[in-house]
Amino acid sequence: MAGLTHPNLVVLTGAGLSAESGVPTFRGVDGLWEGYHIEEVASPEAFRHTPELVHRFYNLRRAALHTVQPNSAHHALVRLEQAWPGSFLHVTQNVDDLNERAGAKKLRHMHGELRKVRCLWCRNVMDWESDLEVTTACPICEKVGKMRPDIVWFGEMPYYIEEITQALETVDVFVCIGTSGVVYPAAGFARQAASKGAKRLIEINLESTDISSHFTERRQGTASVEVPRLVEELLTTT
């Protein structure tokens, strides 16, 4: 990283980061997750047609957060965030809160969060721990029938795109951890970083992905092993 004393770092994380903590990955065998087709539970159309099913699905996911804990990869990324001398941004596709529980502060959930809900009447977003039902009234406007998980569904615009795009404009090191490489716009971040002059593009995954060819370095293995190893390397050699 010649000539750069404080390189800018962007980290993108996906389901592979939290899988070892027991959080199910969204894309299972044959595109199913626990018997659900993605389009049955993760689209505005599904919420309009079968809101009870959508609520049940996310209520189960929200409750399951009580049974999992951050793993060594989450903790290593917090260490990197706290010690990195340059600009740092962690963008996650995950909707769990394991990064926060590990201590993450410079974090952006581009696909929303399980522990937040949104009212379609008053547009307010609020923290939420209990189940959400069709009959749940909004605590703010008190209207019924339009409370939904604050999750970015297929066909909706991810959060923080402008901020992420700006970070990729000046990124020096781009690290991608545990992503499938098929969901856009996140799948295009590596190519975008490369086009803006990033010197190192590092992928950590269990196997090759559709975007592996865009990276200058690939680390194959579990996040709990490879992420702490990479963080140690970055903090001691960069």
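Structure first, text after, so check above.
In this report, the structure presented in the accompanying data block is examined.

Cut-offs applied
Counting restarts for each chain: residues are numbered from 1 in the order of the written sequence. A pLDDT threshold of at least 70 governs which residues receive local features in this predicted model, and a stricter bar of 80 or more applies before side-chain atom pairs are shown or counted, although totals over entire chains, interfaces and linings include all residues. Computation of side-chain values: all heavy atoms of the structure, hydrogens and water removed. Strands qualify as paired when DSSP identifies two bridges or more between them. Helix and strand definitions here come from DSSP, where helices need a minimum of 4 consecutive H or I residues and strands a minimum of 2 consecutive E residues; each element is numbered from the N-terminal end. In this description, a line fitted to the C-alpha atoms serves as the axis of each element, helices being fitted only across the stretch in contact, and the angle between N-to-C directions of two axes falls anywhere from 0 to 180 degrees. Here a residue-residue contact requires only that any non-hydrogen atoms of the pair lie within 4.5 Å. Exposure is judged per residue with a 1.4 Å probe applied to protein chains only, and the accessible area is read against the type maximum: over 50% gives exposed, under 20% gives buried, and values in between give partly exposed. To obtain the arc, one takes the directions from the helix axis to the C-beta atoms. Working definition: roughly parallel below 35 degrees, roughly antiparallel above 145 degrees, roughly perpendicular at 65 to 115 degrees, and oblique for all remaining angles. Should the near helix be turned anticlockwise from the far one by less than a right angle, the crossing is termed left-handed; should it be turned clockwise, right-handed. Any residue outside Ala, Val, Leu, Ile, Met, Phe, Trp, Tyr, Cys, Pro, Asp, Glu, Lys and Arg is labelled polar, Gly included; the first ten of those are nonpolar and the last four are charged. For the purposes of this section, nonpolar cores are sets of buried Ala, Val, Leu, Ile, Met, Phe, Trp, Tyr and Cys residues that join through side-chain atoms within 4.5 Å.

## Considering the sheet that holds strand E10 (residues 200-205)
Phase 1: Strand order in the open sheet formed by six strands is E5-E4-E1-E9-E10-E11, and the pairing between neighbours is parallel. Since the sheet does not close on itself, it has two edges, and those belong to strand E5 (107-109) and strand E11 (217-220), each with one partner. With direction set aside, neighbouring strand axes in the sheet form an average angle of 15°.
Phase 2: Note: strand E9 (residues 173-177) against E10, five bridges, orientation parallel. Residue pairing in the sheet places Val 175 in a bridge with Ile 202 of E10.
Phase 3: Along the sheet face, helix H9 (residues 223-237) touches E9, E10 and E11 and points at about 155° away from the line of E10.

## Some remarks on the sheet that holds strand E7 (residues 125-127)
Phase 1: Read from one edge of the open sheet, three strands run E7-E6-E8, paired in antiparallel fashion. The sheet is open, and its two edges are formed by E7 and strand E8 (147-151), each paired on a single side. Within the sheet, the average angular offset between the axes of one strand and its neighbour, ignoring direction, is 45°.

## A closer look at helix H7 (residues 161-169)
Every α-helix winds through 3.6 residues per turn, so residues three or four apart in the chain are directed the same way.
Phase 1: All of the buried residues in H7 are Ile 164, Ala 167 and Leu 168. Down the axis of H7, the smallest arc covering the buried residues is 100°, so these residues share one side. Residues of H7 that are exposed and point over 90 degrees away from its buried face: Glu 162 and Gln 166.
Phase 2: Tucked into the core, H7 has its buried residues touching strand E1 (9-13), strand E4 (88-92), E9 and helix H8 (189-195).

## What to know about the packing of helix H5 (residues 72-83) against H9
Phase 1: It is the contact of H5 with H9, at a shortest axis distance of 8 Å, that shows an interaxial angle of 15°. The angle between H5 and H9 places the two elements in the roughly parallel class. The interaxial crossing formed by H5 with H9 has left-handed handedness. Packed against H5, whose contacting residues are Ser 72, Ala 73, Ala 76, Leu 77, Arg 79, Leu 80 and Ala 83, the element H9 presents Ala 223, Ser 224, Val 227, Pro 228, Val 231, Glu 232, Leu 234 and Leu 235 at the interface.
Phase 2: Looking at side-chain class alone, the contact of H5 with H9 contains eleven nonpolar, two polar and two charged residues.

## Some remarks on the environment of Val 225
Phase 1: Relative to the assigned elements, Val 225 resides in helix H9.
Phase 2: You can call Val 225 partly exposed: its relative accessible area is 39%.
Phase 3: Sequence-wise, Val 225 and Gly 86 are 139 residues apart; in three dimensions their C-alpha atoms are separated by 24 Å.

## Some remarks on the nonpolar core
Phase 1: Within the largest apolar cluster, 20 residues are counted, with the highest numbers of intra-cluster contacts made by Leu 12, Leu 168, Phe 174 and Phe 189.
Phase 2: Looking at this core, the elements with two or more residues in it are E1, E4, H7, E9 and H8.
Phase 3: Excluding residues that lie within four positions of it along the chain, Leu 168 makes contacts with Val 10, Phe 174, Phe 189, Gln 192, Ala 193 and Lys 196.

Purely geometric numbers; function is a separate question.
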